[in-house]
Amino acid sequence: MSDRLSMRSILQPKQVAQALYHPAWIPPSVDPSVDRLKKARIIAGAVAAFGVYTFVQRKFAFEEVLENMLTASVVVLFITPLTVGVMLFVWRRTGTVRQMRVPLVNSLKLLLFFIGSVVGLVFLWRGTMALGGFWLVPLGFAALWLTGMVIYGAVQVSGNFFGTAAVHRSLPPLLATVTTWLMAVPDLVTGDLHGLSLTMGIVFILGAPLTVTSISLLETRRLKRRYGIRLAAHPATLPRAQAAPPPPVPPQGAPYSPPYGTAYGHPHGAPYAPPPQNPYGGGPYQPYNGGNPYGG
């Protein structure tokens, strides 16, 4: 996990999702601009997941949302390992799969854990609505908490796509593109416009996949141009891309004080003070004691 959880933080679904779905082994982003592209990709993916027609028709069918969550989970469960498997076949020309075994296993565990959370959430909500009565309060509270954790977790895994950035930094945009297009394929094949007009139906079916694809291509191109990270290259052959360092922290203290010394900038005192010896030479400086200053 990325952080240790206390009894107090367990009650906060956001902190639990941050610790579980963005563990410490996932590498940080190499560039703030790439991070902003990931956030834009997450927003576009959310539009694809919930459907434009929900807002256009001003309808909200809770059962349909639960079914869409299960459908999306099944698609992600199968398409993620399949896409990674295809890329492993491509990478075998310049490296071995054994070199990526640890991040691959970690990503698979994170994928299965998230899918299990989504399936558990769907059945928990259905059980809460079916039982009702006395069970409505405890089960409803647990369902609300798990809903918050899954929502925050979905934001995390949409950015790192189940930690596949630890395998190859170009895998998350590729997986986002493939997933959104596969979500749109059934509507493209059947011509189901979900009760929308032709124009809005095209926007609903093709809008989100095209948006996610454009952002993912921009993200992949930026990784290639700035850091030399190419999708077709084996991860072991790529240059190590270090995360951007944090901005420097100004020194504490007075706003005009230097990092050391006095407020006027000299480390050993006032800059115009005389040295501790006789300025005219001749040994150490002796103060005037009332005698003949010229000797004799």
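Reading guide: rules and limits
Residues numbered from 1 in each chain as written. Predicted model: local features only at pLDDT ≥ 70, side-chain atom pairs only at ≥ 80, totals over all residues. Heavy atoms only, no water. Helix = DSSP H or I, 4+ residues; strand = E, 2+ residues; numbered from the N terminus. Buried < 20%, exposed > 50% of the residue type's maximum accessible area, 1.4 Å probe, protein only. Contact = heavy atoms within 4.5 Å. Areas by Shrake-Rupley, 256 points an atom, 1.4 Å probe, with all protein chains shown as cover. Polar contact = N/O pair within 3.5 Å; in protein donor to acceptor, adjacent residues only side chain to side chain. Axes fitted to C-alpha atoms, helices over the stretch in contact; angles between N-to-C directions. Parallel < 35°, antiparallel > 145°, perpendicular 65-115°, else oblique. Left-handed = near helix turned anticlockwise from the far one by under 90°. Nonpolar A, V, L, I, M, F, W, Y, C, P; charged D, E, K, R; others polar. Expected span 1.5 Å × (residues − 1). Patch = residues over 30% accessible without salt bridge, like charges linked within 9 Å, V, L, I, M, F, W, Y side chains within 5 Å. Salt bridge = Lys/Arg side-chain N within 4 Å of Asp/Glu carboxyl O. Lys, Arg positive; Asp, Glu negative; His and termini not counted. Charge placed at Lys NZ, Arg CZ, Asp CG, Glu CD. Phe/Tyr/Trp six-rings, centres within 6.5 Å; stacked < 30°, edge-to-face > 60°.

Some details on the overall build of the protein chain
Thinking step 1. The helix and strand inventory of the protein chain stands at nine helices and zero strands.
Thinking step 2. Mapped in sequence order, the helices and strands of the protein chain form the string α-α-α-α-α-α-α-α-α.
Thinking step 3. Residues classed as buried in the protein chain amount to 33% of the 296 residues present.
Thinking step 4. Residue pairs in contact within the protein chain that sit at least 24 positions apart in sequence constitute 72% of those at least 6 positions apart.
Thinking step 5. Carbon and sulfur atoms make up 66% of the accessible area of the protein chain, which totals about 18900 Å².

With respect to the environment of Thr-147
Thinking step 1. Position of Thr-147 among the secondary structure elements: in helix H7 (residues 136-160).
Thinking step 2. Between the alpha carbons of Thr-147 and Val-122 there is a distance of 9.2 Å; along the sequence they are 25 residues apart.
Thinking step 3. Beyond its immediate sequence surroundings of up to four residues, Thr-147 is in contact with Leu-121 and Trp-125.
Thinking step 4. Among the polar contacts made by the side chain of Thr-147, one reaches the side chain of Trp-125 at a distance of 2.8 Å.

Remarks on the packing of helix H8 (residues 171-190) against helix H9 (residues 198-227)
Thinking step 1. Running from amino to carboxyl end, H8 crosses H9 at an angle of 165°, the nearest separation of the two axes being 9 Å. The angle between the axes of H8 and H9 places the two elements in the roughly antiparallel class. Along this stretch, H8 crosses H9, giving a crossing that reads as left-handed. The segment H8 lies against H9, with Pro-173, Ala-176, Thr-177, Thr-180, Trp-181, Ala-184, Asp-187 and Leu-188 engaging Phe-204, Ile-205, Leu-206, Pro-209, Leu-210, Val-212, Thr-213, Ser-216, Glu-219 and Thr-220.
Thinking step 2. Residue composition of the contact of H8 with H9, by class: 11 nonpolar, five polar and two charged.

A few points about the side chain of Thr-213
Thinking step 1. Looking at where Thr-213 falls in the secondary structure, it is placed in helix H9.
Thinking step 2. A polar contact of 2.7 Å, which involves the side chain of Thr-213, links it to the side chain of Trp-181.
Thinking step 3. Those residues within four positions of Thr-213 in sequence are excluded, and the remaining contacts are Thr-177 and Trp-181.

Considering H7
Thinking step 1. Taking 1.5 Å of rise per residue, 25 residues should cover 36 Å, and H7 covers 35 Å from first to last C-alpha, within 8% of that figure.
Thinking step 2. Positive phi shows up at Phe-161, right after H7, with a value of about 45°.

Some details on the environment of His-234
Thinking step 1. Among the secondary structure elements, His-234 is positioned in the segment after H9.
Thinking step 2. Classification of His-234 as buried rests on a relative accessible area of 1%.
Thinking step 3. In sequence terms His-234 and Gln-99 are 135 residues apart; their C-alpha atoms lie 9.8 Å from each other.
Thinking step 4. Residues in contact with His-234, not counting those within four places in the same chain, are Trp-91, Thr-94, Gly-95, Thr-96, Gln-99 and Met-100.

Digging into a positive patch on the surface
Thinking step 1. Among the surface-exposed residues, Arg-221, Lys-224, Arg-225 and Arg-230 lie close enough to one another that they form a single positively charged patch.
Thinking step 2. With respect to the element layout, Arg-225 can be found in helix H9.

Some words on the environment of Ile-151
Thinking step 1. Examined against the element boundaries, Ile-151 turns out to sit in helix H7.
Thinking step 2. Classification of Ile-151 by relative accessible area gives exposed; the value is 51%.
Thinking step 3. Residues Ile-151 and Lys-14 lie 137 residues apart in sequence; the distance between their C-alpha atoms is 8.7 Å.

A word on the packing of aromatic side chains
The geometry of an aromatic ring pair comes down to the distance between the two centres and the angle between the two planes.
Thinking step 1. As enumerated under the stated definition, the model contains four aromatic pairs in all.
Thinking step 2. Pairing Phe-114 with Phe-162 gives two aromatic rings, centres 5.9 Å apart and planes at 55°, and the pair type is tilted. Taken together, the residues Phe-114 in helix H6 (residues 101-131) and Phe-162 in the loop between H7 and H8 connect sequence positions 48 residues apart. There is no split in this pair, since Phe-114 and Phe-162 are both buried.
Thinking step 3. Ring geometry for Phe-161 against Phe-162: centres 5.5 Å apart, planes inclined by 90°, an arrangement best described as edge-to-face. No difference in accessibility class separates Phe-161 from Phe-162, as the two residues are buried.
Thinking step 4. These aromatic residues form a ring-pair network of at least three members: Tyr-21, Phe-113, Phe-114, Phe-161 and Phe-162.

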